[in-house]
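Results of the structural survey
Residues per chain are reported as follows:
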Amino acid sequence: MGLTSQSLEITVIVLAVVCVAATVWLWPRLSRNGWRHVLGRLGAIAVTQLSIVSALALAVNANFEFYGNWDELLGNNEQAPASVSQGDGQYATVGNIKGGLIQPAGPQGLDRVTGLPQGPASKVGKVESVRIIGRRTRAINPGFVYLPPQYFQQQFHRQRFPVMVVISGYPGGIMNLAQHLQIPQNAGQLIAQGKMQPTVIVMVRPTIAPPRDTECVDVPGGPQAETFFTKDLPDAMKSAYRVGHDPSAWGAFGYSSGGTCSLQLAMRNPKAYTSAVSLSGDYAIKDDLTTGSLFGPGPTGAQHQREHDLLWRLQNLPSPQVSVLVASSRQGESDYGDTMKFIHAVKPPMRVDSIILPHGSHQFGTWRREVVPALEWQSQQLTFPQDTEPNPPQKPAPGQTKGVAKGQAPADDPSHKRVEAERPQG
């Protein structure tokens, strides 16, 4: 049974209940004097406590995805495999793998998510459960990959698709993206309604070294999270799927810590990501108990930390040619003041749009109101790239600018506009 499987969770919960019942039943017999009965009482207490703690730990891990599998828990993931064999299971197909950078994986909780595509992939799309191998960082990260229906249709069989890298918060995991934000479900509906172009979506967590919060930072002498997201992950996706090779086809998207990562990745690496969505993200990265020391000591570490302060970057460094969407609430979210400072600090060629709710908080109820317009917004920033094989150059269609997707504003447009969030029903 997998570490995050529902069957293991139920089994351990049942075992905990049985241990508690057995302790209650046997306690009168163990209450007598003598060293054997004392040891019996201690043993009963230890077994009961261990079973309860194990059940709670599995439930917390299944929800927050600290560890995606037994190998991660036991630390047996030092070597990345050279090749991946294809299987026949529901979660075992990941496309044409070259180099073994994408591994098929078990459900990783995907079997507990409702509303996922059911039926022929060419009509409804598909969600795959995978493990992403970092060629440079040697990190192994769990992920879900959403493939739109067009990916499987004959007329698109040579097309490379744009990519959204959607990052969860910390300590949350990829389950939150599929279950609570319903990223693949919302994307499928928007694509079917013609409000979003066909896009491949890879859903990942922000840390590459759980339980440590790596915050998408290359830690001196430690985990190289930024390298994973800007080099390893794109290389892995390009090796296994028909996805765009040009940065204009790549965008980062996240909530909370994932939103912080998205802004950092795009603004620090515009040759990897040309757009970013941040729902309730922060604008600077600081050390805390979950991160440990991210930047190192001395003046070098201090400068490294300043370079991860986005307001400092806007004031002291040239603006990158990227588009970003930030979301916050006037009341209920502590980052509202910093969000407004960030919006006012942006200057061309960078562009910023926003979703500002009158009331909200740092939780999924708020982010669910923002996720649909945010997906639509980012889709407009991504270009539908060239064919997988070169074709003779064609003249652009009348009224269409070469290299700019329908609905996309030029990157040097300094205007800032508001993006309307969906109104809650009821």
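Residues numbered from 1 in each chain as written. Predicted model: local features only at pLDDT ≥ 70, side-chain atom pairs only at ≥ 80, totals over all residues. Heavy atoms only, no water.

Before going further, it helps to examine the overall build of the chain. Along its length, the chain carries 12 helices and nine strands. Within the chain, the proportion of its 426 residues that are buried is 51%. A total accessible area of about 19800 Å² is found for the chain, and carbon and sulfur atoms account for 56% of it. (Helix = DSSP H or I, 4+ residues; strand = E, 2+ residues; numbered from the N terminus. Buried < 20%, exposed > 50% of the residue type's maximum accessible area, 1.4 Å probe, protein only. Areas by Shrake-Rupley, 256 points an atom, 1.4 Å probe, with all protein chains shown as cover.)

It is worth spelling out the nonpolar core at this point. With 52 residues, the main nonpolar core has Phe229, Leu233, Met237, Tyr241, Tyr273 and Phe342 as its most contacted residues. Sorting elements by how many residues they give to this core places helix α7 (residues 225-240) first, with seven residues. The next biggest cluster of nonpolar side chains, apart from the first, holds 36 residues, and it includes Leu181, Ile183, Ile201 and Leu325. (Core = buried A, V, L, I, M, F, W, Y, C linked by side-chain atoms within 4.5 Å.)

On to helix α8 (residues 257-268), then. Compared with an ideal rise of 1.5 Å per residue, which puts 12 residues at 16 Å, α8 spans 16 Å between its outermost C-alpha atoms and is within 8% of the ideal. Buried residues of α8: Ser257, Gly258, Gly259, Thr260, Cys261, Ser262, Leu263, Gln264, Leu265, Ala266 and Met267, and no others. (Expected span 1.5 Å × (residues − 1).)

Attention now goes to the packing of aromatic side chains. One pass over the structure, following the stated rule, counts 10 aromatic pairs. Between Trp250 and Tyr273, the ring centres sit 6.3 Å apart and the planes meet at 75 degrees, which makes this aromatic pair edge-to-face. Pair noted here: Trp250 is in strand β6 (residues 250-255) and Tyr273 is in the loop between α8 and β7 (275-279), with a separation of 23 residues, a long-range link. With relative accessibility at 1%, the residue Trp250 sits in the buried group. Each member of the aromatic cluster is reached from another via a ring pair, and the members are Tyr151, Phe152, Phe156, Phe161 and Tyr241. Seen from the ring of Tyr151, Arg242 lies directly overhead, with NZ or CZ sitting 4.3 Å from the centre. (Phe/Tyr/Trp six-rings, centres within 6.5 Å; stacked < 30°, edge-to-face > 60°. Lys NZ or Arg CZ within 6 Å of the ring centre and 35° of its normal.)

So, on to the state of the cysteines. The full count for this structure, using the stated rule, is one disulfide. The side chain of Cys216 participates in a disulfide bridge whose partner is Cys261; the two sulfur atoms lie 2.2 Å from each other. What sets the handedness of the Cys216 and Cys261 disulfide is the S-S torsion sign, and at about 105 degrees it is right-handed. Taken together, the residues span a long stretch of sequence, with Cys216 in the loop between β5 (200-204) and α7 and Cys261 in helix α8 at a distance of 45 residues. (Disulfide = S-S within 2.5 Å.)

Functional significance is not addressed by these values, which are geometric in nature.
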